[in-house]
Amino acid sequence: RDQLTASCGGLWQCTAGCDAMYGYGLRPAPHRFVAVSFGELSVVMFRTAHASAADIISTAKGVEAEIIKSTVRDDVQQLALEKAQSELGLHTDFASLAGAVHEDLNKTCGGGWQCLAGLGVHYGCWVSMAPEAWLDVKYGELHMVMFRTSRHCSQSEIIDSAQTEQPIVRKTTLTKGQQTRAIQAALKMFGEHARFGDVAKAIREDFIGEYGGVWHVIIAVAEHAGFSVWPANEGYLNVLFGEIEMILFKAYTNWF
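Residue numbers here run from 1 along each chain, matching the order of that chain's written sequence. Since the coordinates come from a predicted model, pLDDT governs what is reported: local features require at least 70, and pairs of side-chain atoms require 80 or more to be given and counted, while whole-chain, interface and lining totals use all residues. Side-chain metrics rest on all non-hydrogen atoms present in the structure, leaving aside hydrogens and water.

**Concerning the layout of surface pockets**
The criterion, for reference: Grid spacing is 1 Å over the protein atoms alone, the probe is 1.4 Å, and a cavity is where that probe fits but cannot get out, while a pocket is an open set with protein on both sides within 12 Å along at least five of seven lines and lining residues have an atom within 4 Å of a point. Grid points are joined across faces, edges and corners, and a volume is the space filled by probe spheres set on the points. Note on conventions: DSSP H or I runs of at least 4 residues are helices, E runs of at least 2 residues are strands, and numbering of each starts at the N terminus. In this count, Pro and Cys sit with the nonpolar residues alongside Ala, Val, Leu, Ile, Met, Phe, Trp and Tyr, while Asp, Glu, Lys and Arg are called charged and the others, Gly among them, polar.
Considering only enclosed or pocket space, the largest pocket measures out at about 480 Å³ in volume. What lines the largest pocket is a set of 23 residues, and nearest its centre among them are R73, V76, C109, R148 and R170. A total of 3 residues in the lining of the largest pocket trace back to one element, the largest contributor, which is helix 3 (residues 74-88). Classifying every residue of the lining of the largest pocket gives 13 nonpolar, 3 polar and 7 charged.

Right, here's the structure in full:
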């Protein structure tokens, strides 16, 4: 019993007796039962179905993730799995584990993410979510669901929430100074305007006034956005502010 508990985690039990005078009625955890005979000696080893959250999380640290269902992009899936794995060694209860993963995803993938964690055999959920924003994964007995809620807010509400988010640069060919100016201009305009078009126009005018040339700015809700542009060399920035995705680029004008 002590060796099983130390090496496998959880609440293991062990009984032994003469096979001819032996019987048992047990309720072990799924896939956690073994009965073996050594001549007349019978040995039964099993893990009880109600291990503590700390034991389940501790055991999950050494288990490879089993993806039950995923609709997220490959890069988001990889990031979510890395965040979940990194938090397993830091928590001893389901609520704090889910809360930490929730905060990690909101910081790195934009706002609106939720996380559920619990014992897989006693687990079920039914939620409304955004498209391509569902990841259902198991680590042994630990079951985790990460999903992004489908929000239907006004532009002003989304802009207000974006002001408190840490900007995440997804791709850029701007200089460091231009990138800093673009992010600062966006945060400033979020505080002055309530519509995406007005924010984009103000940032565009700022860049034309400062750097010359023909600049364009696109502001959209990231989960409903798609872009294909042809920028000039060293004239492109893709950045997230929570749910807002911003594309800033200098038009390619040298066609001939």
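**Quick word on the sheet that holds strand 7 (residues 142-148)**
Put simply, the rule reads: Pairing between two strands requires that DSSP report at least two bridges joining them. Where helices are involved, their axes are fitted lines through C-alpha atoms of the stretch in contact, as for all axes, and angles between N-to-C directions lie from 0 to 180°. Pairs of residues are marked as contacts when any of their non-hydrogen atoms sit within 4.5 Å.
Strands sit in the order 4-6-7-5 across an open sheet of 4 strands; the sheet is antiparallel. The open sheet has two free edges, formed respectively by strand 4 (66-70) and strand 5 (113-119), since each of these has just one partner strand. Within the sheet, the average angular offset between the axes of one strand and its neighbour, ignoring direction, is 15 degrees. The pairing of strand 4 with strand 6 (residues 134-139) spans 4 bridges and is classified as antiparallel. Bridge pairing in strand 6 places K69 opposite D136. Across the sheet, helix 3 is in contact with strand 4, strand 5, strand 6 and strand 7; its angle to strand 6 comes to roughly 40 degrees.

**Things to note about the sheet that holds strand 10 (residues 231-241)**
Hydrogen bonds between backbone groups are what pair the strands of a sheet, and the pairing can be parallel or antiparallel. The sheet built from 4 strands is open, its strands ordered 8-10-11-9 with antiparallel pairing. Only two strands of the sheet have a single partner each, and these edge strands are strand 8 (168-172) and strand 9 (215-221). Across the sheet, the mean angle from the axis of one strand to that of its neighbour is 15 degrees, orientation sign disregarded. Bridge count for strand 8 against strand 10 is 4 bridges, and the pairing is antiparallel. Bridge pairing in strand 10 links K171 to N238.

**A short note on the pairing of strand 11 (residues 244-251)**
Going by this rule: Burial classes follow relative accessibility: with a 1.4 Å probe on protein chains only, a residue under 20% of its type's maximum area counts as buried, one over 50% as exposed, and anything between as partly exposed.
The element strand 11 is largely enclosed, with a buried count of 7 among its 8 residues. Alignment of strand 9 against strand 11, held across 7 bridges, turns out to be antiparallel. The partner of I219 across the bridge, within strand 11, is M246. Where strand 10 and strand 11 come together, 7 bridges link them in antiparallel fashion. Paired with V239 across the bridge in strand 11 is M246. The turn joining strand 10 and strand 11, which pair antiparallel and follow one another in sequence, is formed by 2 residues; a positive phi near 65 degrees is taken by G242.

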